[in-house]
Every structure is written in structure tokens, then in C-alpha cells.
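Topology and contacts: notes
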Amino acid sequence: MITENLEQLRKELPANVRLLAVSKFQPIDRILEAYQAGQRLFGENRPQELAAKAVQLPQDIEWHFIGHLQTNKLKMVLPYAALVESVDSQHLLEAVDDWGKTHDKVIPVLLELHIGAEETKQGFYEEEVLDILFNADKYKFIRFCGLMGMASHTDDEEMVRADFIRISSYLDYLRDLFPELEDFKELSIGMSEDWRIAVGCGSTQVRIGSAIFGPRV
Ligand SMILES: *Cc1c(COP(=O)(O)O)cnc(C)c1O
């Protein structure tokens, strides 16, 4: 099933949208099945799980971290993640920058924008992102690569679309305002239930778990 699901998704996704296979809670053998089907980009949301999988699985996998990150867990994530998609506080950003300085490594990140209506309290407000980017020079060991967001959890497609349009427009606004941040162009929006809407709103990368691996048990 994993192979078929991946093939179907690849057929439907536009060529300019990357597919992040969200492999959280999936055992090694199921991830390997996706790998054998050609998938190289995977996402995890728990530090320990990412570190354990990254050392066991083939080294040409590109890992993204998509979960809440506490500053005492950086060493389990930053050596392995090619992109941290879920930076959601200034405190975390500063800690990641410090880690980068200590290890002489520039860390690519997305800033998570709070767009969903309700329960998801995670993410920055627009003004906070603005404030960070005005001071982008301060973070010598961070590469700002764009925005990540999660739409409201609802069956109302128009509400989901409104969330995605909001983040997509905000990315455009920021790119105009900060043309010197050349890498600030990625828009990580869209999950199993809403990726088609996200692609219609300018997603450059969708994060898909259950539509590849089946429901998480
Ligand atoms: C789990 C998760 C996903 C994937 O969710 P599915 O609905 O299984 O596709 C995407 N993004 C984040 C941040 C997640 O935690």
C-alpha cells in the first residue's frame, strides 16, 4: 500500500511541490518500504525518534523536524535535520542559533505561523515574525527559509482555504519586504486531508503521513 500511495501522490502533485513523508510512529521497516519506492524526504515530530531513526536508516535520507522542540533536545535534532520546520518561539530561535555557533553549523529553519482558528496555539503571530526578520542579522547561524503552517481542524474547506491564503499572502509580503533573505521562499502547508487545497494556495512542500502510511495506531 505504501508504494501505491506514494505513486498516486507523485502523480497528482505538481512538479514544484515537494512531498515530505511524515513517518512519525512508523517502524523502520515501513519507512524502508517508502525508501525503496524512491522516497528520500521524511519528517518526524519527536526528537528522540528522529535521532534513533536517522542513525539506523540510509544516510541519503533528508530529514525534516516538524514537531515542538524544547531547547534541551536540540542535540537530538540539529545534527540530523536538514530543515527545522517548526520554530515557534524566539527563545527556541536563539537557542538554535547558539547551538549553530557552538557547532559551526548554519541551521535552515521555517518559522511556524499561527494560522488555525482554535486549538493549535503553536506558532508565531505575524508581528512576531516581522520582528524576527527585521533582526535577521542577529541570528548568524540561522538560515531563514520560509513559513510553515497548519490550517484549522475543520471539514469546512473554505475556512481551510482562508487559512492557507493568509499564510501564502504573508509569505509574499515578507519576500517583498526582505528581498535580501534570498532563501526565504518555502511554504510548508498541506497534510493528508487538505493538501490539495494547500497546493492551490502556493504550497512548496506538503507534509503527508496517514495518506501514505495509513492511520497511525
Ligand atoms: C502528523 C503531522 C503531519 C501529517 O499528518 P497527516 O494528517 O497524517 O498527513 C503534518 N504536519 C505535522 C506538523 C504533523 O505533526
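**Structural notes on the site of the ligand**
Around the ligand lies a shell formed by Val 22, Lys 24, Ile 66, Met 150, Met 191, Ser 192, Arg 207, Ile 208, Gly 209, Ser 210 and Arg 216. In the model, an oxygen atom of the ligand is placed 2.7 Å from a nitrogen or oxygen of the Lys 24 side chain. One nitrogen or oxygen atom from the side chain of Arg 207 is found 2.9 Å from a nitrogen atom belonging to the ligand. Considering only residue class, the shell around the ligand consists of five nonpolar, three polar and three charged.

**With respect to the packing of aromatic side chains**
Using the criterion set out here, one finds four aromatic pairs in the structure. When the centroid spacing of 5.1 Å and the interplanar angle of 75° are considered together, the rings of Phe 134 and Phe 178 count as edge-to-face. Taken together, the residues Phe 134 in helix α6 (residues 126–134) and Phe 178 in the loop between α7 (157–177) and β7 (186–188) connect sequence positions 44 residues apart. The class for Phe 134 is exposed, based on a relative accessible area of 56%. With relative accessibility at 4%, the residue Phe 178 sits in the buried group. On the basis of an interplanar angle of 80° and a centroid distance of 5.9 Å, the ring pair of Tyr 139 and Phe 144 is categorised as edge-to-face. Taken as a pair, Tyr 139 and Phe 144 share a single burial class, namely buried. Taking NZ or CZ as reference, Arg 40 lies 3.6 Å from the ring centre of Tyr 35, over its face.

**A closer look at the environment of Lys 53**
Note on placement: Lys 53 falls in helix α3 (residues 47–56). In this structure the C-alpha to C-alpha distance between Lys 53 and Trp 63, which are 10 residues apart in sequence, comes to 9.7 Å. Beyond its immediate sequence surroundings of up to four residues, Lys 53 is in contact with Ser 23, Lys 24, Phe 25, Gln 26, Ile 28, Ile 31, Glu 44 and Trp 63. A polar side-chain atom of Lys 53 sits 2.9 Å from a polar atom in the side chain of Glu 44.

**Some thoughts on α3**
Of all the residues in α3, the buried ones are Pro 47, Glu 49, Leu 50, Ala 51, Lys 53 and Ala 54. Contact partners of the buried residues in α3: α2 (28–36), β2 (41–44), β3 (62–65), α4 (74–77) and β4 (81–87).

**A word on unusual backbone geometry**
The backbone of Phe 25 sits at a positive phi, close to 70°, despite the residue not being glycine. Look at Asp 104: it is not a glycine, yet its phi comes out positive at around 50°. Along the chain, Asp 104 falls in the loop between α5 (90–103) and β5 (107–113). On the basis of relative accessible area, Asp 104 is assigned to the exposed category, the value being 65%.

**What about the pairing of β4?**
Along any regular strand the residues' side chains alternate between the sheet's two faces. Most of β4 is tucked away, with six of its seven residues classed as buried. In this structure, β3 lies alongside β4, joined through three bridges in parallel fashion. Paired with Phe 65 across the strands is Val 84, a residue of β4. Sheet topology note: the β4/β5 ladder contains two bridges and is parallel. Paired with Val 84 across the two strands is Val 109, which belongs to β5. Handedness of the crossover joining β4 and β5 through α5 is recorded here as right-handed.

Calculation rules
- Residues numbered from 1 in each chain as written.
- Predicted model: local features only at pLDDT ≥ 70, side-chain atom pairs only at ≥ 80, totals over all residues.
- Heavy atoms only, no water.
- Near = heavy atom within 4 Å.
- Polar contact = N/O pair within 3.5 Å; in protein donor to acceptor, adjacent residues only side chain to side chain.
- Nonpolar A, V, L, I, M, F, W, Y, C, P; charged D, E, K, R; others polar.
- Phe/Tyr/Trp six-rings, centres within 6.5 Å; stacked < 30°, edge-to-face > 60°.
- Helix = DSSP H or I, 4+ residues; strand = E, 2+ residues; numbered from the N terminus.
- Buried < 20%, exposed > 50% of the residue type's maximum accessible area, 1.4 Å probe, protein only.
- Lys NZ or Arg CZ within 6 Å of the ring centre and 35° of its normal.
- Contact = heavy atoms within 4.5 Å.
- Pairing = 2+ DSSP bridges.
- Right-handed = clockwise from strand over helix to strand, strands pointing away.

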